[in-house]
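# Close look at the chain arrangement
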Amino acid sequence: MDKFELQKLRDLPIEGVAERLGMHVVRHKCLCPFHDDHHASLSFSVRRNSYRCFVCGASGGPIDLVMKYLRKDFREACRWLADENNIIVSSFRIQDSGVQESKPFDASRYERFFERPWLNGEARKFLFEERKLDPRVVRWCRLTSWKDKQGVAWLQTPYYDREGRLIGVQNRNLVKGALPRFRFPTGSQCSIYNLPVLNLLRPGEALFITEGCSDCWAMLSAGHKAIAIPSATLLSQKDRELLETLNLKLEPQFQMYPDNDVPGERLFLQLREVLPSLVRHQLPAGCKDYSEFYVGKVKG
Ligand SMILES: [Zn+2]
């Protein structure tokens, strides 16, 4: 992991990280999880991107918070943050030089995997039994799977640009609860997902925006056109610009079911700054995201 990648983790909004950890932040304060607290002694500084408890003295930035809260070492905490935020880190080995030149994504190494997608038992169980996805969607998305040397099954998701060029690959660990949850080959650009769908979009047609590719597959399986944004805590400048351009050129009717949590709500508000006409749909109470809603409907 190079120093730029490390800086990306340090720049993750501290309150967003706290919420991802399950802390309840109200007006830049919350109950301190590090001592028996009843008065919201822990406060966040947005400017310094840090936290401090005025009673027990616990303090630090996003990485320290994860280390302390989840009792992880530095490396594990970085990996957790990267996984949770879809941040691509090249390697967790400590580099001798500190600075590493970032290599571009080598599409030619991966393209053949998606020419004849193959789904192993774990992938079929995940996609069709648990997620109830439409096999046509799985084929359209060219999802494939593989097993590493340790026998761990991974689902492999290709990211294409609008012209259909492979620009990144996301590997998802199919073992529940295992870390790392995601892995990305060097240089992968896994930002906005399912861009080729834009070529099928008619003027003024509805286009759903989801958080993450699995909600996108559910949305597509429900018969909607959809793209996905990688994470609730981060909407990069590049993503903003791409969405603005889309809005101007294609004028789709953007729609969204925000996740039923604080980060989901924040993503919706961030997106609406870029896309003022974004239509909001509400998930039923107790439904955390669109995938869950979709599975309920299919079973229903
Ligand atoms: Zn404290």
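Above this text is the structure in question.
Residues numbered from 1 in each chain as written. Predicted model: local features only at pLDDT ≥ 70, side-chain atom pairs only at ≥ 80, totals over all residues. Heavy atoms only, no water.

## Describing the coordination of the zinc ion
Just so we agree on the cut-off: For Na, K and Ca the donor cut-off is 3.2 Å; for every other metal, N, O and S atoms count as donors within 2.8 Å. Water does not enter the count, which can leave sites looking incomplete. Angle rules define the geometry names used: all angles between 85 and 135 degrees makes four donors tetrahedral, while opposite donors over 155 degrees apart and all other angles between 65 and 115 make four donors square planar and six octahedral, leaving every other case irregular. Only protein chains enter the accessibility calculation, which uses a 1.4 Å probe. A residue is then buried if its area is under 20% of the maximum for its type, exposed if over 50%, and partly exposed in between.
Surrounding the zinc ion are the protein donor atoms Cys32 (SG), His35 (ND1), Cys53 (SG) and Cys56 (SG), which sit 2.0 to 2.3 Å from the metal. Around the zinc ion sit four donor atoms; with metal-centred angles ranging over 103 to 114°, the donor geometry is tetrahedral. Look at where the donors of the zinc ion fall in the sequence and you get C-x2-H-x17-C-x2-C. On the basis of relative accessible area, Cys32 is assigned to the buried category, the value being 4%.

## Structural notes on the pattern of salt bridges
The following threshold applies: The salt bridge criterion pairs a side-chain nitrogen of Lys or Arg with a carboxyl oxygen of Asp or Glu, the two atoms within 4 Å.
Counting across every chain of the model gives 14 salt bridges. We note a salt bridge from Arg136 to Asp134, for which the minimum N-O separation is 2.6 Å. Owing to a relative accessible area of 58%, Arg136 belongs among the exposed residues under this scheme. Classification of Asp134 as buried rests on a relative accessible area of 16%. Among the ionic pairs, Lys288 bridges to Asp289, the shortest N-O distance being 3.5 Å. Each of the salt bridges in this network shares a partner with another, and the network as a whole consists of Lys125, Glu130 and Lys176.

## Remarks on the packing of aromatic side chains
Spelled out, the test is: For Phe, Tyr and Trp, where Trp contributes only its six-membered ring, two rings pair if their centres lie within 6.5 Å, and the inter-plane angle classes them as stacked under 30 degrees, edge-to-face over 60, or tilted in between. Note on criteria: charge over ring means Lys NZ or Arg CZ within 6 Å of the ring centre, with the direction from the centre no more than 35 degrees off the ring normal.
Per the stated rule, a full pass over the model turns up 11 aromatic pairs. Summarising the aromatic geometry, the rings of Phe105 and Tyr110 are spaced 5.5 Å apart at their centres and angled 10° between planes, so their arrangement reads as stacked. There is no split in this pair, since Phe105 and Tyr110 are both buried. Grouped by ring-pair contacts, the aromatic residues Phe208, Tyr257, Tyr290 and Phe293 constitute a single cluster. Positioned over the ring face of Phe34 is Lys68, at 4.5 Å from the centre of the ring. Above the plane of the ring of Phe268 lies Arg280, whose end atom (NZ or CZ) is 5.1 Å from the centre.

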